[in-house]
Amino acid sequence: MRFRETSHTMIMVVDKACSRQTDHQEINLSSQAAPSPSNGPNAATTREFTAPARVNLIGEHTDYTGGLVLPMAIPFFTIASITPADSGYSFHSDLFREVRTMSPDDRSEGVHNWSDYPVGVLRELQLLSIEPPPFDLRLRGNVPFGAGLSSSASVEVATAVALLAHADVTLPAAEIALLCQRAENGYVHSPCGIMDQFVITAARAGHALLLDTRSLTVEHIPMNHAALADTCIVVCNSMVKHSIASGDYGQRRRELEAGQAILREAFPQLRDLGDATIDELKRSEGAMSAESFKRCRHIITENARVRAAKQAMLAGDAISLGELMLKAHASERDDFECSCEEVDFLVDTASHLQGCFGARLTGGGFGGCTVNLVAKSSATAFVATLKTAYLERYNIYPDTYICEAVDGAIERTHHTQNKESLI
Ligand code: GAF
């Protein structure tokens with residue numbers, strides 16, 4: 001990955017040499033040796049895997065009610081380096097001091113630090129009777145924490161592909177995503193849906209990934225059709241911290257699921273909110289709380305917006321896509337009530353700037369990032385003006401990233417001793 005600094009923004013560009021297309025049916029974990037900087041003493045036996053971050057273009061909070069999501073993978077990365085060990089398992093991070101060691105038959109609970117994410121993945125593999133040989137796992141990376149860009153899922157997927165390769169086991173992409181979600185739900189006790197783990201596993205460069213979270217069927221939607229080729233995705237970090245392990249996400253989810261249960265009672269043919277209509281919701285309004293009604297209305301209208309967004313992208317219609325993003329934000333703000341003042345300010349300011357087609361809160365909410373669809377020719381001025389406005393209003397300097405869509409998790413092992421022997 002290369003970083004290119006301009007005066008106002010950090011532009012992230014994936015080095016194509018480090019990126020390859022996956023077949024997205026099955027992750028092939030055999031080494032496609034790509035340039036990579038593993039030069040330590042065990043470089044000969046260390047294998048390295050990377051998993052990106054993600055930004056969701058549209059389809060928020062639909063992924064735990066059988067709905068549609070349209071995220072893309074972006075070029076922030078977690079790198080998992082795995083080295084065979086003599087005995088036991090050890091987990092290290094370049095970002096945290098705590099080292100976790102355990103024996104292969106250890107089945108202890110989480111310890112409430114960073115290591116619960118990779119250990120949760122190990123547990124899920126063990127539940128599938130996959131017992132990796134002893135290893136040292138080291139994690140590093142640059143995915144911002146608490147920004148709503150899926151640092152947790154990136155760690156989980158990087159760990160999963162590394163441990164699977166080390167155990168010499170191949171799993172379909174959907175299985176990898178599901179086991180990472182189970183790790184987060186069951187071991188970390190964070191009630192996330194499937195979107196993040198899925199896109200980080202199965203994304204395709206240059207495409208957004210349309211996922212039906214009930215059937216887990218996928219369509220890769222090109223990001224550069226017709227007028228969309230002249231646009232770019234700008235992510236703006238409000239710097240207001242977000243965590244789905246905190247209570248708000250779970251509370252919204254409970255309100256939503258209460259409404260869904262009432263709808264199912266009234267309309268037994270409904271499998272989940274993915275099938276429901278606004279008319280059915282209105283007919284059940286009196287039976288549910290005002291909160292549940294609004295949460296369900298967000299989901300039903302959001303699924304319709306994702307369908308329309310797909311059509312807009314296939315038509316290369318940036319204007320319609322941008323309008324859908326703005327409507328999605330209004331629904332997150334007013335119906336799902338998962339935005340915050342700072343994020344609303346960023347979206348409102350962005351929507352009035354030259355070259356901006358649309359903007360919205362992305363990810364779990366209650367802070368985190370906005371995603372903006374911006375004309376390439378306006379991107380530098382857009383970023384500068386947005387940053388200045390936010391700084392003046394909140395005295396906070398927001399990070400911004402102009403992102404291209406990258407591939408999901410891949411191996412990038414580089415055997416340095418081979419290189420040396422060629423010299
Ligand atoms: C978080 C969760 F992890 C996802 O599963 C999803 O629900 C998202 O919030 C909201 O769309 O990122």
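Residues numbered from 1 in each chain as written. Predicted model: local features only at pLDDT ≥ 70, side-chain atom pairs only at ≥ 80, totals over all residues.

## Quick word on the overall build of the protein
The test is simple: Working definition: helices are DSSP H or I runs of at least four residues, strands are E runs of at least two. Numbering for both runs from the N terminus. Burial is judged by counting other C-beta atoms within 10 Å of a residue's own C-beta: 20 or more means buried, 12 or fewer means exposed, and anything between counts as partly exposed, with every C-beta placed from the backbone.
A count of helices and strands for the protein gives eleven helices and 14 strands. Within the span of the protein, comprising 423 residues, buried residues form 51% of the whole.

## Observations regarding the packing of helix H3 (residues 173–186) against helix H4 (residues 195–202)
To be explicit about the condition: To define axes, lines are fitted to C-alpha atoms, for helices over the stretch in contact only, and angles between the resulting N-to-C directions are given on a 0 to 180 degree scale. The crossing is said to be left-handed when, going from far helix to near helix, the turn is anticlockwise and less than a right angle, and right-handed when the turn is clockwise. We call two residues in contact if the C-beta atoms placed from their backbones are at most 7 Å apart. Only Asp, Glu, Lys and Arg are considered charged in this grouping, and only Ala, Val, Leu, Ile, Met, Phe, Trp, Tyr, Cys and Pro are considered nonpolar; every other residue, Gly among them, is considered polar.
The contact between H3 and H4 brings their axes to 8 Å, and the two run at 145°. In this structure, H3 meets H4 at a crossing whose hand is right-handed. Facing Ala173, Ile176, Ala177, Cys180 and Gln181 of H3, the residues of H4 in contact are Gln197, Phe198, Thr201 and Ala202. In the contact of H3 with H4, the residues fall into six nonpolar, three polar and no charged.

## Overview of the environment of alanine 330
Mapped onto the elements of the fold, alanine 330 is located in helix H8 (residues 318–336). A tally of 15 C-beta atoms within 10 Å means that alanine 330 is categorised as partly exposed. Separated by 30 residues in the primary sequence, alanine 330 and arginine 360 place their C-alpha atoms 8.2 Å from one another.

## Brief notes about the environment of alanine 177
Assignment of secondary structure puts alanine 177 in helix H3. Considered as a pair, alanine 177 and alanine 160 are 17 residues apart in the sequence and their alpha carbons are 8.9 Å apart. Those residues in contact with alanine 177, other than ones at most four positions away along the chain, are Ile194, Gln197, Phe198, Thr201 and Ala202.

## Let's talk about H3
For clarity, the threshold we go by: What a helix should span is 1.5 Å times the count of its residues minus one.
Under the 1.5 Å per step criterion, the end-to-end length of H3 is 20 Å for 14 residues, consistent within 8% with the ideal 20 Å. Inspection of H3 places Ala173, Ala174, Ile176, Ala177, Leu179, Cys180, Gln181, Ala183 and Glu184 among the buried residues, and these make up the whole buried set. Lining the buried residues of H3 we find helix H1 (116–127), helix H2 (151–166) and H4.

## So, unusual backbone geometry
A negative phi holds for most residues other than glycine; trans holds for most peptide bonds. Here serine 129, not a glycine, exhibits a phi torsion of approximately 65°, which is positive. Along the chain, serine 129 falls in the loop between H1 and strand E7 (135–141). We note that histidine 189 has phi near 60°; this positive angle belongs to a residue other than glycine. Note that histidine 189 resides in the loop between H3 and H4. Overall, histidine 189 belongs to the partly exposed group, with 14 C-beta atoms counted inside 10 Å.

## As for the nonpolar core
Put simply, the rule reads: The term nonpolar core refers to a group of buried residues, namely Ala, Val, Leu, Ile, Met, Phe, Trp, Tyr and Cys, whose C-beta atoms join them within 7 Å.
Counting residues in hydrophobic clusters, the biggest one holds 103 residues, and the most contacted among them are Met72, Val157, Ala158, Val161, Ala208, Val234 and Val235. Per-element tally for this core: the top contributor is strand E4 (residues 68–84), with eleven residues. Sequence-distant contacts of valine 235, that is, excluding residues within four places in its chain, are made with Val55, Ile74, Cys369, Val371, Thr400, Tyr401 and Cys403. Within the second largest apolar cluster, eleven residues are counted, among which are Ile262, Leu263, Leu281 and Met288.

## Section: the pairing of strand E9 (residues 217–222)
To keep it simple, the criterion reads: Being paired, for any two strands, means DSSP has found at least two bridges between them.
Alignment of strand E8 (residues 207–212) against E9, held across six bridges, turns out to be antiparallel. Directly across from leucine 209, in E9, lies its bridge partner histidine 220. Hairpin geometry of E8 and E9 is characterised by an intervening segment of four residues between the two adjacent antiparallel strands and by a positive phi of about 60° at leucine 216.

## As for the packing of H1 against H3
What counts here: These descriptions rest on fixed angle ranges, namely under 35 degrees for roughly parallel, over 145 for roughly antiparallel, 65 to 115 for roughly perpendicular, and the rest for oblique.
Their axes nearest at 8 Å, the elements H1 and H3 cross at an angle of 120°. Here H1 lies oblique to H3, going by the angle between them. Taken as a pair, H1 and H3 cross one another with a handedness that is right-handed. From H1, Gly120, Val121, Arg123, Glu124 and Leu125 reach across to H3, where they touch Leu179, Cys180, Arg182, Ala183 and Glu184. Residue composition of the contact of H1 with H3, by class: five nonpolar, one polar and four charged.

## Focus on the pairing of E8
A regular strand places its side chains on the two faces of the sheet in alternate fashion. Burial runs high along E8: five of the six residues are buried. The pairing of E4 with E8 spans two bridges and is classified as antiparallel. Within E8, the residue paired with valine 69 across the bridge is leucine 211.

## Topic: the confidence of the model for the protein
Using the following cut-off: A score between 0 and 100, pLDDT records how confident the predictor is in each residue.
A residue-level look at the protein finds 87% of positions with pLDDT of 70 or above and a mean pLDDT of 89. Counting contacts from residues 416–423, a segment whose pLDDT is below 50, to residues more than four positions away or on other chains yields five contacts.

## Some thoughts on the environment of proline 52
Looking at where proline 52 falls in the secondary structure, it is placed in strand E3 (residues 47–58). Residues within four places of proline 52 in sequence aside, it is in contact with Ala73, Ile74, Pro75, Phe76, Phe77, Ser154, Ile200, Ala203, Val406 and Gly408.

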